[in-house]
Amino acid sequence: MEWFQAVVLGLVQGLTEFLPVSSSGHLTIFKALFGIDAENLSFEVAVHAATVVSTIVAFRKEIWDIIGGVFKFRYNEQTQYFLKICVSMIPVFIVGVFFKDFVTDIFGSGLVIVGAMLLLTAVLLFVGEVLSNRQARKAALEGREPGKEVGYKEAFIIGIGQAFAVLPGLSRSGTTIATGLMLGVRKSAMAQFSFLMVLIPILGEAFLQLVGGDFAAESSGISTLSLILGTLTAFGSGYVACRWMIRIVQKARLRYFSIYCCAAAVLCFVLEMTKAV
């Protein structure tokens, strides 16, 4: 992998991790465009970790508030929020423990499944926006604030959405945000919860790969310069996308991303047909 390819892939990872268009799907697309067939685990772990760090920086005040509340060792608002995040992680934990091999096989299925999952992402985004806008109009007519906070039931259902989003092309942020909006969760609350709920699973996965030695075993396929540049680019673009996405969800303008996902799906099918010729 050349350094400029690492920069582009880092930029793509950072932007698409938080925008509802699937980071794994876009990495697959750009690898196909670059002609990169080999999977480099060290690079993917590094850029994923960089986007997690960008989330921590973007939500540093909220995270510090939650940590401070939890360590008061009382059942307060912060402890309740933390427990909801834990509940949301149950489905993805089950998938990681019992269906890891199946998911790994799916990730190797190529551009066709990425395109199909991008189309599914488009549908979820469109439906989520339509239902959210409908609920907002109803709330305005009734003279009340639109939306509600994330409850334990909503956290678990949103966690199921995150578990399905391990499929390449099915956007994690798109799936979780759309699921929350369908459940009637307030837009701003859903954006924050969606970004915070993924921190522990991604950090946990990276830690397991480091402990297992897979990171070091795959590190020979990329230079140190490329790894550093890709990681820094992923961090910077991830921070920008994270802050941008919060404003987008608050305005519920997800239809444009739905259209984009359809276009990206078409590109996947075209690239796959080109390979077959």
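Residues numbered from 1 in each chain as written. Predicted model: local features only at pLDDT ≥ 70, side-chain atom pairs only at ≥ 80, totals over all residues. Heavy atoms only, no water.

Asks: Let's hear about the pattern of salt bridges: which residues, and what values?
Replies: Going through the model one piece at a time under the given rule, you end up with five salt bridges. Between Glu142 and Arg144 there is a salt bridge, and its shortest N-O distance comes to 2.6 Å. Classification of Glu142 as partly exposed rests on a relative accessible area of 46%. You can call Arg144 partly exposed: its relative accessible area is 41%. Of the charged contacts in the structure, one is a salt bridge between Glu154 and Lys148, with a shortest N-O distance of 2.9 Å. (Salt bridge = Lys/Arg side-chain N within 4 Å of Asp/Glu carboxyl O. Buried < 20%, exposed > 50% of the residue type's maximum accessible area, 1.4 Å probe, protein only.)

Asks: Help me get a handle on the packing of aromatic side chains, residues and values and all.
Replies: Describing an aromatic ring pair means giving the distance of the ring centres and the angle of the ring planes. Counted according to the given criterion, the structure contains eight aromatic pairs. On the basis of an interplanar angle of 55 degrees and a centroid distance of 6.5 Å, the ring pair of Phe30 and Phe34 is categorised as tilted. In this pair, Phe30 and Phe34 are both assigned in helix α2 (residues 23-34), four residues apart and thus about one turn of the helix distant. Residue classification places Phe30 among the partly exposed positions, given a relative accessible area of 24%. Ring geometry for Phe59 versus Phe195: centroids 6.1 Å apart, planes at 50 degrees, classification tilted. Note that Phe59 is positioned in the loop between α3 (41-58) and α4 (60-70) and Phe195 in helix α10 (residues 187-196), a separation of 136 residues in sequence. Among the aromatic residues, those joined into a ring-pair cluster are Trp3, Phe4, Phe30 and Phe34. Its guanidinium or amino end placed over the ring of Tyr152, Lys84 lies 5.9 Å from that ring's centre, counting from NZ or CZ. Above the ring of Phe59, the side-chain terminus of Arg243 is found at 5.8 Å from the ring centroid. (Phe/Tyr/Trp six-rings, centres within 6.5 Å; stacked < 30°, edge-to-face > 60°. Helix = DSSP H or I, 4+ residues; strand = E, 2+ residues; numbered from the N terminus. Lys NZ or Arg CZ within 6 Å of the ring centre and 35° of its normal.)

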